[in-house]
Every structure is written in C-alpha cells, then in structure tokens.
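# Architecture and fold: a report
The primary structure of each chain is shown beneath.
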Amino acid sequence: MTSSQSTPQSTSTTSSNSLNPSAPTFTPNDSTTGNDHPQEIDFANPAINGAATNVSDKKVKPARPDPAARSTTADDIAEAGAGVKLTGAQLKKQKAAEKAARRAEKVAAKGAVAQAEAQVKTESQRRSSTTKREAEGLSAGAHHKRTLSSVGKALPVRGGPHQPGSQATNQLNPTTTAAGPEREKHKEVKKVPMFSHLYPKEKKATLSGAGREIHPAILSLGLQIRDYVICGGNARCVATLLAFKKVIQAYTTPSGVALSRHLLTHLNHQIAYLRNARPLSMSQGNAIRWLKNLVSTQSVDLTDSEAKQDLCQAIDIFIRERITLADEVIAREATARINDRDVILTYAKSSIVEKALLTAHEQGKDFKVIVVDSRPMFEGKNLARRLVRAGLRVQYALLSAVADIVDFESVTKCFLGASSMLGNGSLFSRAGSAIVAMMAKESSKNKARNVPVIVLCETVKFSAKAALDSVVMNEIGDPDALVDTVQPDTISYTGPPPTTASTGAKGGAKKQSHREKDEDDADEKASNGKGLESWKEQQGLFLLNLMYDVTPPQFLDLVICELGSLPPQAVPVVNGAQGDDAALA
C-alpha cells in the first residue's frame with residue numbers, strides 16, 4: 001500500500017518541481033527525538049522577496065508556500081521517517097529547496113539593512129536642513145539669540161560636547177565665539193602702550209605653579225620678593241646668595257655627569273623662578289653671573305662634597321667682602337663728609353644711607369635729616385622711624401613739597417641711595433630720586449651755595465649698561481598700589497554754625513541754601529563713582545606705577561663706593577677693574 005500510494009505523489013512532485021524549480025522545502029524532524037510527524041517550516045519565495053527589496057519603504061513579507069509542493073514534500077519526509085529511502089531525484093529536489101531557502105533569507109536580510117540605511121540617511125538630511133535653517137535664522141535675527149549665563153558660561157548644547165569652547169558648541173551657538181574675546185578683553189591687564197615692553201609676559205610666580213625641581217628656599221624667597229617683603233637691592237642680593245647656598249648644599253650630581261655642567265642647569269631653573277617673581281635687580285644679576293662663572297670653572301678632579309664646600313665658602317666671602325665690608329667702608333667715607341649743623345636731604349630708604357647717618361650720629365655730630373617720601377610704598381617712613389629711635393632730628397615730608405623744603409630749610413648736602421650706577425654715569429634709583437637731585441642743584445636759593453648731591457653705592461651695583469631715560473629700562477609695579485582705599489573726610493567749614501535768632505529770616509534762607517548745596521555736592525560725588533577704585537572698568541583710564549627713574553650725571557657730584565670717592569663718569573673704569581657685568585654679560 002505504501003509503495004502504490006507513493007508513486008502518484010512522486011509523479012506530482014516531479015511535475016510541480018519542473019514547473020517551479022524554486023519550490024520551498026521542509027526540514028525533516030530530528031531523528032533523535034523519536035517524533036514520527038515532521039515539523040513544518042515556511043520559507044519566503046525568492047522571486048517575491050527579490051521584487052520586494054526594490055521598494056525601500058515596504059516591509060518585506062515572506063511568500064506563501066505552494067500547497068501541492070507542501071503536501072508532496074511532507075509525504076516524502078513521512079516516507080523517509082518510516083524507513084523508506086528517498087530516491088536520487090527526491091534528494092536533489094530537497095537540496096535545491098534548502099538552497100533556495102537560504103538564498104531567500106540572505107535577500108531578506110539585505111533588504112532590511114538597505115531599508116535601515118535609507119531611514120538613517122533621510123533622518124540625517126532632515127536634521128542638517130533643520131540646523132541650517134536655525135543658523136540662518138540666528139544670523140538674520142529671526143530667532144532669539146543665546147546669551148551667556150550670569151556666571152559667564154556658555155549654554156550647553158543638547159547632544160553635543162559639554163565644553164563651552166568646543167567646536168560643536170560654537171557652530172550651534174554663534175554668540176559664544178563673539179562673546180569670548182570680549183570676556184578675555186575685560187580680564188587682560190590694561191597696558192600703557194608706551195611701556196608695553198616692560199609688562200611681564202608671564203604670570204607672576206606662585207607656589208602652585210612651581211616645578212618640582214624648585215628648591216623650597218627658592219620658593220620662599222620668590223614669594224617674599226614678589227610681595228615686596230624683601231625690597232632693597234642689598235637685601236635681595238644677600239637673600240638670593242643665601243638661598244643658592246642651600247640649593248648647592250642639597251644638590252646631588254647624577255652619575256656620569258660633571259658637576260660644573262649639571263649644576264648650572266639646575267641653577268637656571270631656580271633663577272627663572274626668581275625672575276618670574278620679580279625682575280632681577282642689578283646687584284642680583286651681577287651676583288648670579290659671578291656664581292655661574294664660579295661653578296663653570298670648578299675642577300673635574302674635585303669630588304662633589306669638596307666642590308660644594310668650595311662654592312659655599314666663596315658665597316660667604318662674596319657677601320662679606322662685596323656687601324658687608326663695602327657698606328662699612330662707604331659709611332665711614334660718607335660720615336667724614338658730614339659736619340655739624342648740616343641739613344642732610346635724602347629720599348625714600350637706602351640701607352647704606354641709613355648706616356652712614358647712624359654712624360655720624362654715633363660719632364657725636366649734630367645735624368638734621370630731612371626725609372622725603374612718596375607713594376605708593378612710603379619707604380621713607382621706615383627710615384624716619386629708625387632715625388628718630390636713634391635720637392636724630394628728623395623732618396618728614398612728601399615729594400610734592402621738596403621745592404619749598406630745599407628753599408626754606410637751607411639744605412647743605414643731599415645723600416641718595418642707588419639701585420645701580422650705569423655705564424654712562426647716570427643714577428638708576430627709586431622713582432623720584434631724579435626730582436630730588438635736580439631740585440637740590442637747581443633751587444633758586446641754593447644756586448650760590450652749590451648743594452652737593454652724593455650717591456652711596458657698592459661696586460656690585462655698577463653696570464655697563466647705559467640709559468638716557470626711564471622708558472627703555474625700568475620695572476612696572478602693581479598699578480592697584482596707586483589706588484587709595486581709604487579716603488579721609490574733608491572739612492570745608494570750621495567756623496561756628498549760624499543761629500536762626502541772630503540771622504533772622506535771611507540767615508535761615510542762607511542756611512537752607514548751604515544745606516542744599518552740600519547735598520548736591522554729596523550727590524555729585526556719589527554719582528562720579530569710586531574714582532580710581534574702578535579704573536579697570538573705565539575706558540581710557542590707565543594707571544602706571546614705574547619703580548625707578550634715571551638721574552643724568554650732570555646732577556650728580558660724587559659717587560662713594562668701597563674703592564673710594566670718584567666722579568660719576570668713572571663708573572666704566574670700575575667695571576673694567578672689577579670684571580662685573582662688563583666681562584660677564
């Protein structure tokens with residue numbers, strides 16, 4: 001029965017496959033399950049699916065299988081499951097159907113991928129067109145512009161980077177690029193164009209910005225110099241050499257490197273930090289050049305401990321001979337030029353001038369000292385306080401009154417300190433020294449008496465540089481130091497207030513008018529702002545705080561150094577003899 005029934009089915013199967021070669025097949029059940037009934041699986045028709053892939057916006061659906069082929073294949077599978085062997089034609093049809101099914105699956109998968117890519121492309125084109133319209137609207141003013149928040153940060157853009165300065169943010173928010181330079185313009189330092197070359201190019205040295213190669217002694221010294229805790233030329237020079245002494249003591253030469261080479265590199269990092277804290281004074285520069293020359297000439301045969309010991313001893317000798325003993329020699333020479341009943345005029349504060357005045361007072365000489373001072377540092381206050389405590393007669397005045405003081409106080413001598421003596425004989429000292437020297441020489445009352453202007457300066461401050469003005473070579477201090485934070489109350493009327501009974505109705509009217517005038521003045525004062533306190537926000541207002549000025553040699557009579565008294569024009573000769581700055585520059 002089974003054989004007779006399968007014959008017509010085989011015939012029908014052959015005819016159906018001849019008409020439809022790509023007829024679907026059904027995978028037989030797993031023989032291990034023991035299920036006699038086959039599991040039916042439907043597959044898509046490749047012809048139908050191939051046509052469907054050409055339409056990207058239609059969903060791919062599997063085609064319905066042929067019922068005749070379905071039943072025939074099921075009978076064949078049933079026969080195979082019952083133990084009947086399939087013929088070669090049946091196996092060939094089964095493999096062809098499986099191959100067609102796999103091809104249909106691939107075509108369906110490709111159609112789904114193509115449809116997804118088309119959707120992504122369409123979405124991206126829609127978004128780009130929307131972004132372009134928004135950008136055009138922002139530039140044309142059709143949409144509301146984005147502005148900076150109250151804290152000065154750009155508004156975040158959805159879907160883009162969160163950094164305000166990123167490229168995506170600037171593309172979607174054009175106002176960020178325009179407002180950025182304005183914000184930086186308010187933050188930058190207001191510079192006077194004529195002195196723009198004197199402004200520091202980097203931020204001042206800080207504790208957090210120092211590298212790990214900077215020694216703690218240099219860190220401490222840099223911060224003290226930056227904040228004007230250590231201010232004088234001699235004090236800065238001595239403090240620098242003592243700090244370098246600690247650096248040398250803590251230094252260790254790496255293996256395979258000479259001390260004279262590697263120590264110079266190590267010292268250069270320390271020098272750069274000090275220079276960043278505040279420009280080096282002339283005495284600092286000369287001392288550093290001397291030390292670097294000494295390090296470079298160290299013998300390679302010496303051990304590290306011997307070389308460091310020699311360097312530290314040389315530093316101590318330099319401080320003792322070039323500064324300490326030099327000050328004593330200069331003070332003794334200047335004291336010999338002070339007589340009884342002299343009136344000594346000096347400006348600001350100089351350690352060597354202070355030492356000379358105290359030495360003359362200890363010798364019992366009777367004289368008077370006039371200390372002229374100026375803003376913003378008021379260094380003369382410290383000098384006047386020290387002299388008063390020592391028992392000297394001192395008069396303190398500001399720079400604006402120097403003309404009257406020179407005329408009416410019968411000044412006999414003028415002692416000035418120096419930051420440097422330049423190669424052309426000019427004096428480079430605290431700003432205001434040139435005015436004091438010129439007023440002492442050119443005063444109408446003192447022209448006949450010829451008040452001598454004497455400069456007290458160590459040779460370590462001598463320089464081969466030349467300057468004709470205070471523009472090319474100078475130092476700019478903090479401009480905020482020129483701002484008065486505390487304003488004294490001004491009293492314009494000290495007489496008794498008028499009474500209504502004595503003045504009558506007319507006096508009461510005058511009193512009322514005065515009160516109204518005072519109120520108007522107060523309102524006008526309040527409307528004018530805070531003066532210099534808000535100078536950074538006022539356009540066209542600049543503050544310039546120059547630290548030094550240059551006094552021409554024609555206003556100087558004598559320069560006293562440890563080598564003796566010499567005219568200002570002899571400074572280049574001393575530079576050649578000492579080898580400072582001229583030979584090592």
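Residues numbered from 1 in each chain as written. Predicted model: local features only at pLDDT ≥ 70, side-chain atom pairs only at ≥ 80, totals over all residues. Heavy atoms only, no water.

## Some points on the overall build of the chain
Counting its secondary structure elements, the chain contains 17 helices and ten strands. Per-residue burial over the chain gives 37% buried out of 585 residues. With the model as given, the accessible surface of the chain reaches about 34400 Å², and the carbon-plus-sulfur share is 54%. (Helix = DSSP H or I, 4+ residues; strand = E, 2+ residues; numbered from the N terminus. Buried < 20%, exposed > 50% of the residue type's maximum accessible area, 1.4 Å probe, protein only. Areas by Shrake-Rupley, 256 points an atom, 1.4 Å probe, with all protein chains shown as cover.)

## Some words on the sheet that holds strand β4 (residues 413-417)
Across the sheet, which stays open at both edges, the seven strands sit in the order β3-β2-β1-β4-β7-β9-β10 with mixed pairing between neighbours. Looking at the sheet topology across the chains shown, the edges are occupied by β3 (393-398) and β10 (564-566). Strand-to-strand, the axes of this sheet are offset by a mean angle of 25°, without reference to chain direction. Pairing between β4 and strand β7 (residues 453-456): four bridges, direction parallel. Among the inter-strand pairings, C414 is bridged to a residue of β7, identified as V453. Against the sheet, helix α15 (residues 433-442) engages β1 (342-347), β4 and β7, with an angle of about 165° to β4. (Pairing = 2+ DSSP bridges. Axes fitted to C-alpha atoms, helices over the stretch in contact; angles between N-to-C directions. Contact = heavy atoms within 4.5 Å.)

## Points about the pattern of salt bridges
A side chain with one charge can pair with a side chain of the opposite charge if their charged atoms come near. A complete count under the given rule lists twelve salt bridges for this structure. Here D480 makes a salt bridge to K536, at a shortest N to O gap of 3.6 Å. Taken together, the positions of D480 in the loop between β7 and α16 (500-527) and K536 in the loop between α16 and β8 (548-551) put the pair 56 residues apart, joining distant regions of the chain. On the basis of relative accessibility, which here comes to 34%, the residue D480 falls in the partly exposed class. It is possible to trace a salt-bridge network through shared partners that takes in K349, E354 and R386. (Salt bridge = Lys/Arg side-chain N within 4 Å of Asp/Glu carboxyl O.)

## Considerations on the sheet that holds β8
Backbone hydrogen bonds hold the strands of a sheet together, and the pairing may be parallel or antiparallel. Here three strands make up an open sheet; going across it, the order is β5-β6-β8 and the pairing antiparallel. Of all the strands in the sheet, the pair left with one neighbour each is β5 (420-421) and β8. Across two bridges, the pairing between β5 and strand β6 (residues 427-430) is antiparallel. When the sheet's bridge partners are listed, S420 is paired in β6 with F428.

## Let's talk about helix α8 (residues 233-249)
Compared with the 24 Å implied by 1.5 Å per residue over 17 residues, the 25 Å span of α8 between its first and last C-alpha is a close match. For α8, every residue scored as buried is listed here: N234, R236, C237, A239, T240, L241, A243, F244, K245, V247 and I248. On its buried face, α8 is in contact with α7 (216-226), α9 (259-277), α10 (282-296), α11 (304-335), α12 (351-362) and β8. (Expected span 1.5 Å × (residues − 1).)

## A short note on the packing of aromatic side chains
Using the criterion set out here, one finds two aromatic pairs in the structure. The ring of F378 is capped by K381, whose NZ or CZ atom sits 4.6 Å from the centre of that ring. (Phe/Tyr/Trp six-rings, centres within 6.5 Å; stacked < 30°, edge-to-face > 60°. Lys NZ or Arg CZ within 6 Å of the ring centre and 35° of its normal.)

## Considering unusual backbone geometry
Note the cis peptide between R375 and P376, where omega equals 0°. Mapping P376 onto the fold places it in the loop between β2 (367-373) and α13 (380-390). The backbone phi angle of R341 is positive, close to 60°, even though this residue is not glycine. By secondary structure assignment, the location of R341 is in the loop between α11 and β1. For R341, a relative accessible area of 70% gives the class exposed. The backbone of A348 sits at a positive phi, close to 55°, despite the residue not being glycine. With respect to the helices, strands and loops of the structure, A348 is situated in the loop between β1 and α12. On the accessibility criterion, A348 (5% relative accessible area) is buried.

## Examining a positive patch on the surface
Side chains of K99, R102, R103, K106 and K110 sit close together on the surface and give a patch of like positive charge. As for its placement among the helices and strands, K106 is situated in helix α4 (residues 88-140). Exposure remark for K106: the relative accessible area of 58% places this residue in the exposed category. (Patch = residues over 30% accessible without salt bridge, like charges linked within 9 Å, V, L, I, M, F, W, Y side chains within 5 Å. Lys, Arg positive; Asp, Glu negative; His and termini not counted. Charge placed at Lys NZ, Arg CZ, Asp CG, Glu CD.)

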